[in-house]
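Breakdown of the fold
Residues per chain, in single letters:
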Amino acid sequence: MSPDYIAAQIFNGLASGAFYALLALGLSVIFGMLRIINFAHGAVYMLGAFATYYAAQLLHVPFYPALILAPIAVGIFGMLIEALILRRISGSDPVYGLLLTFALTLVVVNLVRLLAGPLGSPYSVPPSLSSAVDLKFTIYPAYKLFVIAVSIVVCAVVWWFVERSLLGARIRAATENPVLVRALGVDTKRLVTLAFGAGVALAALAGVLAAPTTNVQPYMGDDIIIYTFAIVVIGGLGSITGSVVAGFALGILQTIGAVYYPPIATTLIFIVMVIVIAIRPAGLFGRPESLR
Amino acid sequence: MRPLPIVLVVLGLIALVLPKVIYPLVAIDVLCFALFAIALDLLFGFAGLLSFGQAMFWGGSGYVAAMLVQRAHIDAVLAIAIAVVYATALAFAVGLVSVRRSGIYFAMITLAIAQIEYFVAVQLTSFTGGENGFPMDSRGLFLGRHVDGDVPYYFLVLTVLVVCLALAFRLVNSPFGVALTAIAQNEQRAIALGYRVHRFKLAVFVIAGALSGLAGALFALGNHLAGLEMLDWHTSGTVVMMTILGGASTLVGPIIGAGLYENLSYFVSKTPIGAQTDLVMGLIFAVCVLSFRRGIAGRLLSLSWRKTST
Amino acid sequence: MRIARVIPFLCASAVLANTLIPISPAPADTAPVKIAVITDMSGVYSGLSGQGAVIATKMAVADFGGKVLGRPIVVDAVDHQNSATIAEAKAREEFGSGADLAMDLTNSAAAIAVASVAKDVHKLAIVTGAASTALTGADCNKYTYHYAYDSYALAHGTGASVARAGFKTWYGIVPDYAFGKAMLSDFTAAIAPYGGKFIHADTMPLGTTDFSSYMLAARNAHPQVLALLNAGADTVNSMKAAKEFGLDKQMKIVVGLLFLSDVDALPDVFAGSRITDSWYWNEDKAARAFADRFAAADNGLRPTSVQAADYSATMQWLKAVKAVGSTDADKIVAYLDGRKFDDFYAHHAEWRARDHRVIHDMYVMDVLPKSEVKEPHAWMKIVDTIPADQAFRPASESTCQKTW
């Protein structure tokens, strides 16, 4: 196997890691801010893909505008769910959040199946991105490079926002000590809803990016949710940096695994997770006090 | 007026007539899931450990029992016993790794290990039949006798369930059970009081694993089939739903939850909206988690208390 | 919160009411002849089979006259939801309450489970929608017939046809489970006589969504053929990935398992692929006549090969029941075994006695690009016909341990 080939496969890993990073980031944001483990994250990813499809079918919205509009639409839907349903169990054991979002997943996935049918809905790579780029060591699909770029940019923006901006600081403070923050006059409820909407929008964005190259069907988020959980745990629950790093790293690891021993490719993430938790219980970048 | 004996009597009456009023094979499934859910309740309702990988015991033991009866032609009782030993050993090994964590981390480790077991089962196609499943010609001989009729098998499983339920009650009301509840409520305090917390958690995880394995073996033999879905994480999720729906930390709640889920699925599948079972169950479950978190049994059992804490 | 207090009572009474509603079996004396169509009504195979299978079966019953041996014929639609456990339980329940035939059984795990039940209760099961050759091999039994396609027929049709045309170097994308491995071994055997061989085959986990690494590897290997030996969503995802890496322009793409319903859903994805199937709605006048009647009953959709097989098998079974004078499975098996027949679906067909594989002609087809499609749903062009005696595994090579 030549170094050029391995380098090309690493790019494949970055592309698949791009999705994992966005999804893990969204999940971490939601857990960090709401202490809810959002089981519906896979369903939201699926909604993002379907929103893109229906936007194209019914409203003739092309791909680039969909990249912005679909996550916003799904994010708003997420905020409604948070305000109307999830808020009722705020303050409870995170387990209830997991269970409620698990139930919501069943409902959402089956409603979409009723609407769109169980087989795929057609969506292709936009013509402007369907060429290949000469990267010297390989000829590589332009669309994949686009996905990598979008993901890196979005992750960087979110990281900056959460770690460095004033609003991000407020949100972080609201998580750690909501009472005090409210006493200081900040509307924590609205911050929480916004954070949930943002986390959901990130997952939906991953769905939009997935639509051209993945079969758009109601169950497309089904397995991806457990991989996302594993990645978030590896990176460290609640850690933005951890989610992004673990997302890209595991994307690469999974792809390289697929090169050498394909049957184990998808189980690799779980094996790594078990090892990481055994050695560093809070994950690679997690803080030990976030362990309960 | 104590509600628990009344609930038990009502459940007992329903259990006695169940195979006459619904299709016996479904009744058998109800009992097996009930035992499975009781096991999860011990783990989650009493010890506070949410496992999202119980399917590894249910499915693993199911396959072991099915393969032993179908291929090795050994007595079904012995096959079930070996299947339970398998589950116990697996639970011990998994427990050693996982009980040191809690909350979401514990859930994730159990899920991950269950996925690894699933992968192994798919790889060993010649052994397990892979995705085609492992059908059985007959349930095998139970201490030399045939129990191929559905109704006799139902009562066999019912007996096992009643015995296990009684043992579970004894367990939670024993010093061991009380210590578990104390650990679940405040682990630091329990440690300060000198309890070897991890040993307790490991013990309850092993017991829950063994019971789940027993339930799975009975289910596989009951259905003449061990299938990959027994190892699928959706099954782990289903049993969690049943337990919460019925009411965690009540032991009878899981029975109600299993009964409700299986009956509702069966009932809905006979109606024109039959294909939407998951949708209906999802809605019911969501309503349940939102409105009464202690589940049906939790509410029923708390009715006699003057001060109802919501 | 008074309402909340009532909820537990309501739930408890729902449980009670549920368990006390008797679901009793039909009385056996006036028994109608019952056919249970057990299939996937709402999941990934619902387009291939599903409601259309029930419609096709009912059409056969109606065309037969609605009665046989003086008894009315009833068709039960049963959803197994792609669960072998549910299929098995429902089959037992149907047979237990008077069903004489289990039909369709799309999904190999469900088919194998129900075949086992059929053997147990001595009633017939005719499988039209499953690919596993185990049904006429390791899991064969007296009471099960495998009617439509199987992985051997698919592989030998497509494989031989493409290899014969000079495509010798093959690259396999194989899902890591029994079906995939069977397809790989069947394809390998099919292309060998024409000098074809697999230079490499990647086996990846079922449900893989990202095929990029495999497509890159395939591109590097420069085969003449890319063989996608998977099914369902995996096939769509691997096709999309193949196109992303430009493989559809560099090599021939062959899809192991593909049906009309898949192309209906995603025509652009599959254009240009070569496949094998047991029947095509526009293959000749008789087929078209059936397809027109079916479309009238099913919203203009054209029947898939599995749905047509359901009609054909039902009609053949009813004729056998009439000829034998009873629904007794043993008598029907004795009547059918070795019998040759021919209808709009199965040409040069025979109920093969050796292993209960029903043989008939198979067709190699190309999926047309949208520009060449002349009317709705006319996606295919037949390029080759495989005669019945060559399409399936020869009786001499069957691994069925015949116990009857």
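Within any chain, residue numbers begin from 1 and follow the written order of that chain's sequence. Lettering of chains starts at A and numbering of ligands starts at 1, both following the order in which they are written. A pLDDT threshold of at least 70 governs which residues receive local features in this predicted model, and a stricter bar of 80 or more applies before side-chain atom pairs are shown or counted, although totals over entire chains, interfaces and linings include all residues.

Some thoughts on the interface of chain A and chain C
How we decide: Any pair of residues counts as being in contact when their C-beta atoms, constructed from backbone geometry, are within 7 Å of one another. Any residue that is not Ala, Val, Leu, Ile, Met, Phe, Trp, Tyr, Cys, Pro, Asp, Glu, Lys or Arg is counted as polar, Gly included; the first ten are nonpolar and the last four charged.
Each partner contributes residues to the interface: chain A has 27 residues there, and chain C has 32 residues. Tallied by class, the residues present in the side of chain A that touches chain C amount to 15 nonpolar, eleven polar and one charged.

Observations concerning the sheet that holds strand β4 (residues 99-104) of chain C
Residues and elements named next belong to chain C. Counted only if it meets this: Pairing between two strands is assigned when DSSP locates at least 2 bridges connecting them. Secondary structure counts use DSSP, requiring at least four H or I residues in a row for a helix and at least two E residues in a row for a strand, with both numbered from the N terminus. Helix axes are fitted only over the stretch in contact, all axes being lines through C-alpha atoms; the angle between N-to-C directions runs from 0 to 180 degrees.
One open sheet holds the six strands; their spatial order is β2-β3-β1-β4-β5-β6, and the pairing between them is mixed. Lying at the two open borders of the sheet, with one neighbouring strand each, are β2 (67-68) and β6 (144-146). In terms of strand pairing, strand β1 (residues 33-39) meets strand β3 (residues 71-79) through seven bridges, oriented parallel. What sits directly across from Thr39, in β3, is Asp79. Against the sheet, helix α4 (residues 108-121) contacts β1, β4, β5 (124-127) and β6, and its axis sits at roughly 160° relative to β5.

Considerations on the confidence of the model for chain B
All names here are of chain B. What counts, and what does not: Known as pLDDT, the predictor's per-residue confidence is scaled from 0 to 100.
Taken residue by residue, chain B gives an average pLDDT of 87. The fraction at 70 or more is 92%. Segment residues 304-310 is flagged for pLDDT under 50; beyond a separation of four residues in sequence, or across chains, it makes five contacts in the model. In the model output, the complex is listed with pTM 0.88 alongside ipTM 0.86.

Structural notes on the packing of helix α11 (residues 268-279) of chain A against helix α5 (residues 103-123) of chain B
To be explicit about the condition: Geometric relationships in this document are graded by angle, where less than 35 degrees denotes roughly parallel, more than 145 denotes roughly antiparallel, 65 to 115 denotes roughly perpendicular, and other angles denote oblique. Take the far helix as the reference: if the near one is turned anticlockwise from it by less than a right angle, the crossing is left-handed, and if turned clockwise, right-handed.
Two numbers describe how α11 of chain A lies on α5 of chain B: the axes approach to 9 Å, and their chain directions differ by 140°. Classified by the angle their axes make, α11 of chain A and α5 of chain B are oblique. Taken as a pair, α11 of chain A and α5 of chain B cross one another with a handedness that is left-handed. Residues Phe270, Ile271, Met273, Val274 and Ile277 of chain A of α11 of chain A touch α5 of chain B, and the partners they reach there are Tyr105, Met108, Ile109, Ala112, Ile113, Gln115 and Ile116 of chain B.

Overview of the sheet that holds strand β13 (residues 349-351) of chain C
All names here are of chain C. Pairing is antiparallel in the open sheet, where three strands are placed in the order β12-β13-β14. Two strands bound the open sheet, and with one partner strand each, they are β12 (340-341) and β14 (358-359). Taken together, the two bridges between β12 and β13 define a ladder with antiparallel strand orientation. By the bridge assignment, Lys340 is partnered in β13 with Glu350.

Structural notes on the nonpolar core
Here is the rule we go by: For our purposes the nonpolar core covers buried Ala, Val, Leu, Ile, Met, Phe, Trp, Tyr and Cys residues that link as a set through C-beta atoms within 7 Å. Here a residue counts as buried when 20 or more other C-beta atoms fall within 10 Å of its C-beta, as exposed when 12 or fewer do, and as partly exposed in between; the C-beta atoms come from the backbone. Segment limits for the domains were obtained from an automatic or database-derived domain assignment.
With 376 residues, the main nonpolar core has Ala204, Ala230 and Met273 of chain A together with Val114 of chain C as its most contacted residues. The dominant element in this core, judged by the number of residues it contributes, is helix α2 (residues 24-46) of chain B, at 19 residues. Split by domain, this core shows at least three residues from each of two domains, domain 1 (33-149 + 285-360) and domain 2 (152-277 + 365-374 + 377-388) of chain C. Residues contacting Met273 of chain A, with those up to four places away along its chain left out, are Ala230, Val233 and Ile234 of chain A together with Met108 and Ala112 of chain B.

With respect to helix α2 (residues 41-59) of chain A
Residues and elements named next belong to chain A. Defined as follows: Under the convention used throughout, the expected extent of a helix is 1.5 Å for every residue step, that is, one less than its residue count.
If you check α2, its first and last C-alpha atoms are 26 Å apart, about what 19 residues at 1.5 Å a residue would give, namely 27 Å. With 14 of 19 residues buried, α2 lies mostly within the body of the structure. At the C-terminal side of α2, His60 shows a positive phi close to 55°.

So, the environment of Gly96 of chain C
In this fold, Gly96 of chain C is placed in helix α3 (residues 84-96). Assessed through the 16 C-beta atoms surrounding it within 10 Å, Gly96 of chain C is described here as partly exposed.

What about the pairing of strand β15 (residues 362-367) of chain C?
Residues and elements named next belong to chain C. With five of its six residues buried, β15 lies for the most part within the structure. Looking at chain direction, strand β11 (residues 274-277) and β15 are connected through four bridges and run antiparallel. Paired with Arg274 across the strands is Asp366, a residue of β15.

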